[in-house]
Amino acid sequence: MSSKITAEQRKAIMENDKTYDGQFFYAVKTTKIFCRPSCKSRVPNFDNVTIFRTAEEALQAGYRPCKRCKSGGDRLPDEEWVKQVETYIEENYALSFTLSDLAEACHGSPYHLHRVFKRLKGVTPLAYQQHIRMEKAKVYLIETDMAVKEIAGLVGISNPARFITLFKEKNNQTPRQFRKEYDGRGVYSEK
Ligand SMILES: [Zn+2]
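How each quantity is defined
- Residues numbered from 1 in each chain as written.
- Predicted model: local features only at pLDDT ≥ 70, side-chain atom pairs only at ≥ 80, totals over all residues.
- Heavy atoms only, no water.
- Buried < 20%, exposed > 50% of the residue type's maximum accessible area, 1.4 Å probe, protein only.
- Helix = DSSP H or I, 4+ residues; strand = E, 2+ residues; numbered from the N terminus.
- Pairing = 2+ DSSP bridges.

Draft legend 1. Geometry of the pairing of strand β4 (residues 49–52). With burial as the criterion, each face of β4 is covered, one bearing Val49 and Ile51 and the other bearing Thr50 and Phe52. Taken together, the two bridges between strand β1 (residues 2–3) and β4 define a ladder with antiparallel strand orientation. Each bridged residue has a counterpart across the sheet, and for serine 3 the counterpart in β4 is isoleucine 51. Direction of pairing for strand β2 (residues 25–28) relative to β4: antiparallel, over a ladder of four bridges.

Draft legend 2. Main features of unusual backbone geometry. Residue asparagine 16 is not a glycine yet carries a positive backbone phi of 50°. With respect to the helices, strands and loops of the structure, asparagine 16 is situated in the loop between α1 (7–14) and β2. Residue class for asparagine 16 comes out partly exposed when judged on its relative accessible area of 26%. Located in the positive-phi region is histidine 107, a residue other than glycine, with phi close to 60°. Residue histidine 107 is classed as buried on the basis of its relative accessible area of 8%.

Written as structure tokens, this is what we have:
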């Protein structure tokens, strides 16, 4: 059973109070992660918090265990964690964040995040974010008539010249060329 947070639980979370560990878990809607009261992760916005009595209940409600406080008991496998990070990047690709911001949001250390992500995905987390941005830009170029400058802003790159350079590096053509070629071809292929 889940329930609303009490003032006492709120205090326990803010103070990372170990004595409450095992009594309840708190799950955060925005990150889909649940933690022990003592977790050192950033204090959440309590409006987005749901309380569970057991880890099992949080898991059943679709929340994932936290890497930092090991709320799921057994160690969260690296594969699972990297999937969490991937999802976070895919949902927030347009935001600008540093490796530390990302690690904080995904409840791990920056060093570990960088290393594990690279090992499993072959690219660093920030390179992966750049990749997603370029893929989203392609979709905008194909499906909309928006100006390149506008698309750059939408995918989180405020400097259009930088956007064009990055796009060209990755696709061997400028956004304009890409759009034109696509229009001529009528079919979009991933390559
Ligand atoms: Zn935690």
